[in-house]
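If you want the building blocks of each chain, they are given just below.
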Amino acid sequence: MATVNYTTPSPFTEKQSAHVTDYRHQGYLIGAGLATANKKYNKPVPEDLKVVNVALFALGRAGSIHLKNIMSSPRMCLKYVVEVSRAKLKAVAEEWRLAEEQLVNPENDEKVFKDPSVHALIIATPTYLHKDLVMRGLQAGKAVFCEKPIAEDMEDTRMCYQLAQKVGRPLLCAFNRRFDPSFSHLQQEVHSGAVGRVQIVKTVARDSPVPSIDYLKISGGIFHDCAVHDIDLTCWVLGEYPTHVFASATAFLPEVAAINDYDTVAFTMKFPSGALSMTDLSRNAVYGYDQRLEVFGPKGMVAAGNERPFPMTASTVKGETQPPVYHSFPSRYQQGYIRELDHFCDVIQGLDDLSVTAEDTLRVTTIASTLEKSVISGKMEQVVY
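Fair warning: this is a prediction, and the values are worked out from it, not measured in the lab.

**Examining the overall build of the protein**
Assigned secondary structure in the protein consists of 13 helices and 15 strands. A compact globule built from 385 residues would reach a C-alpha radius of gyration of about 21 Å, and the protein, at 23 Å, matches this within 12%. For the protein, the spread of C-alpha atoms along the three principal axes comes to 80 × 60 × 45 Å. Across the 385 residues that make up the protein, the buried fraction comes to 46%. Of the roughly 20,000 Å² that the protein leaves accessible, carbon and sulfur atoms contribute 54%. Computed over 40 positive and 44 negative side-chain charges, the inter-centroid distance for the protein is 2 Å.

Following this line, the structure appears as structure tokens:
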């Protein structure tokens, strides 16, 4: 036999283990009590923090995702849901068997801030409400998890972080893409030198489905609502912030043009190391939620591509087809949303440090504003931090 010399030892004589990238298997081992989670600080968690009691503000796009993840987490307990729509409160109460005292109208939300058993707030309200809720939460001694942006302008954002430092409570801005398993592993590969000194980073972020006009009106614009994710992702992967940026933008959709926003954007950033980044954004990708990241250097390239619901291929006379890529962000970043809440629990329990710092959030906001300026000027602009 031609391959007899390649006979391998019996699998019963060797220990078999999962590859480091199989995070789901690791989760299974931890859940089964066969392994322990690897945390930055290996120390006992105080008894009163072993389960983190949270209050969720709003049941919109992000809030609905967080609700499911809170209810599914053994590390968290939902104390309150604060939502203006009684119909939404009723629907989730029936779905998750919530008690009446857990359902709160914003007019009566003071009970949340005064409840000493609440460890943390998760804020997923419209942007104009963020600052007030963040400040009230910190002043009440609560840890705060807030969807981006923390506030509507730089000065208010800085004020929130200053208060967080003063009261000694964590304030986490939810840049969830950092917590996506593929992007997280890619960042680790880059920082370990897999591609050498990085020369080029490329990202693609194309929305599906097109957001509603009602949402776009209060979104803060495509740069502060959408581009900030790619800005943060690029800076996080590189470990540095850009010195100069250039952007072009167009509104192909008349409804978007009517609200003085853009639906299509291309921008570049130049970094102190000499690295360059390129990003394209769209509000409407008809084929699904298009999310890609690529990093190139002298030793090669690492890339994270689109994901599909399952790896099936149908072969017919018309050729081969696969399921479309995930339809939208709740599906594509399902694990990222779970892992960012897990990180928030780690921080509250003293097992980790905040991975998204005040400097990260403030600089990303500055970069987004400078890109907006570049669109208007038509020139490359220096980023002044």
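Next comes the rest of the account.
**Brief notes about the side chain of Glu147**
Along the chain, Glu147 turns up in the loop between β5 (143–146) and α6 (154–167). Put simply, Glu147 is tucked away with no salt bridge, and the nearest opposite charge, on Lys148, sits 6.3 Å away. A distance of 2.6 Å separates a polar atom in the side chain of Glu147 from a polar atom in the side chain of His66. With residues near it in sequence (within four places) discarded, Glu147 still touches Ala62, His66, Ile123, Ala124, His130, Ala174 and Glu340.

**A look at helix α2 (residues 61–72)**
At 3.6 residues per turn, the α-helix brings residues three or four places apart onto the same side. The end-to-end C-alpha distance of α2, which contains twelve residues, comes to 18 Å, matching closely the 16 Å that a straight helix rising 1.5 Å per residue would cover. Taken as a whole, α2 has its buried residues at Ala62, Gly63, Ile65, His66, Leu67, Asn69 and Ile70.

**Quick look at the packing of aromatic side chains**
The geometry of an aromatic ring pair is captured by the separation of the ring centres together with the interplanar angle, meaning the angle of the planes. One pass over the structure, following the stated rule, counts six aromatic pairs. Relative to Phe113, the ring of Phe57 lies with its centre 5.8 Å away and its plane at 45°, an arrangement referred to as tilted. A residue pair is termed long-range when its members are at least 10 positions apart, and Phe57 in strand β1 (residues 52–57) and Phe113 in helix α4 (residues 110–114) qualify at 56 residues. Residue Phe57 is classed as buried on the basis of its relative accessible area of 2%. Judged by relative accessible area, Phe113 falls into the buried class, the value being 7%. Members of the aromatic cluster, connected to one another through ring pairs, are Phe183, Tyr289 and Tyr333. Here Arg339 stacks its cationic end above the ring of Tyr23, 5.5 Å away from the centre of that ring. Above the face of the Tyr385 ring, Arg363 is positioned so that its terminal group lies 4.4 Å from the ring centre.

**Notes on the layout of surface pockets**
Here the second largest pocket defines a volume of roughly 1,000 Å³. Elements represented by at least two residues in the lining of the second largest pocket include exactly α2, α5 (130–139), β7 (200–206), α8 (213–218), α9 (222–238) and α12 (334–348). Within the lining of the second largest pocket, the residues separate by chemical class into 24 nonpolar, eleven polar and 15 charged.

**Some points on the pattern of salt bridges**
For the coordinates displayed, the defined rule picks out 25 salt bridges. In this structure, Asp232 and Arg178 form a salt bridge, with 2.8 Å as the shortest nitrogen-oxygen distance. In this pair, Asp232 sits in helix α9 while Arg178 sits in the loop between β6 (171–173) and α7 (181–191), placing the two residues 54 residues apart along the sequence. When sorted by exposure, Asp232 lands in the same class as Arg178, which is buried.

**What about the nonpolar core?**
Judged by nonpolar contacts, the single largest core of 94 residues is most densely connected at Leu171, Phe223, Ile231, Phe267 and Val295. Ranked by residues supplied to this core, first place goes to α9 with eleven residues. Those residues in contact with Val295 that lie beyond four places of it in its chain are Leu186, Val190, Val195, Val198, Ile200, Val201, Val237, Gly300, Met301 and Val302.

**Concerning the environment of Leu281**
In this fold, Leu281 is placed in strand β10 (residues 276–282). For Leu281, a relative accessible area of 1% corresponds to the buried category. Measuring from C-alpha to C-alpha, the distance between Leu281 and Ala249 comes to 9.3 Å, with 32 residues separating the pair along the chain. In this structure, Leu281 is in contact with Ala205, Ile222, Cys226, Ala227, Asp230, Asp263, Thr264, Val265 and Phe267, ignoring residues within four places of it in sequence.

**Quick word on the sheet that holds strand β3 (residues 103–104)**
Here six strands make up an open sheet; going across it, the order is β3-β2-β1-β4-β5-β6 and the pairing parallel. Lying at the two open borders of the sheet, with one neighbouring strand each, are β3 and β6. Note that strand β4 (residues 120–123) and β5 share four bridges and pair parallel. Within β5, the residue paired with Ile122 across the bridge is Phe145. In the packing of α12 onto the sheet, contacts are made with β1, β2 (76–82), β4, β5 and β6, and the angle to β5 comes to roughly 160°.

Cut-offs and rules
Residue numbers here run from 1 along each chain, matching the order of that chain's written sequence. The model is predicted, so local features are restricted to residues of pLDDT at least 70 and side-chain atom pairs to those at 80 or more, both for listing and for counting; the totals for chains, interfaces and linings are taken over all residues. Side-chain numbers here rest on the full set of heavy atoms in the structure, without hydrogens or water. Helical segments are the DSSP runs of H or I of at least four residues, strand segments are the runs of E of at least two, and each set is numbered from the N terminus. In this description the radius of gyration comes from C-alpha coordinates, and the expected globular size is given by 2.2 Å times residues to the power 0.38. The buried label goes to any residue with under 20% of its type's maximum accessible area, the exposed label to any with over 50%, and the partly exposed label to all in between, with areas taken from a 1.4 Å probe on protein chains only. Computed with the Shrake-Rupley method and a 1.4 Å probe, the accessible areas treat only the protein chains shown as cover for residues. By the counting scheme adopted, Arg and Lys are positive, Glu and Asp are negative, and His together with the chain ends is not counted. Taken as the charge location is NZ of Lys, CZ of Arg, CG of Asp or CD of Glu. Only one rule defines a salt bridge in this text: a Lys or Arg side-chain nitrogen within 4 Å of an Asp or Glu carboxyl oxygen. Definition of a polar contact: a pair of N or O atoms within 3.5 Å, with one able to donate and the other able to accept a hydrogen when the atoms are protein atoms, and with sequence-neighbouring residues admitted only if both atoms are side-chain atoms. Any two residues having at least one pair of non-hydrogen atoms within 4.5 Å are treated as being in contact. Expected helix span is computed as 1.5 Å times (number of residues minus one). Each Phe, Tyr or Trp ring (for Trp, its six-membered ring) is paired with any other whose centre lies within 6.5 Å, and the angle between the two planes then decides the class: stacked below 30 degrees, edge-to-face above 60, tilted in between. Lysine NZ or arginine CZ positioned within 6 Å of the ring centre and within 35 degrees of the ring normal marks a charge as sitting over the ring. Cavities and pockets are found on a 1 Å grid laid over the protein atoms alone: a cavity is a set of points where a 1.4 Å probe fits but cannot escape, a pocket is an open set with protein on both sides within 12 Å along at least five of seven lines, and a lining residue has an atom within 4 Å of such a point. Grid points are joined across faces, edges and corners, and a volume is the space filled by probe spheres set on the points. Side-chain classes are defined by residue name, with Ala, Val, Leu, Ile, Met, Phe, Trp, Tyr, Cys and Pro counting as nonpolar, Asp, Glu, Lys and Arg as charged, and the others, Gly among them, as polar. Put simply, buried Ala, Val, Leu, Ile, Met, Phe, Trp, Tyr and Cys residues joined by side-chain atoms within 4.5 Å make one nonpolar core. Note on pairing: DSSP must find at least two bridges between two strands before they are called paired. To define axes, lines are fitted to C-alpha atoms, for helices over the stretch in contact only, and angles between the resulting N-to-C directions are given on a 0 to 180 degree scale.

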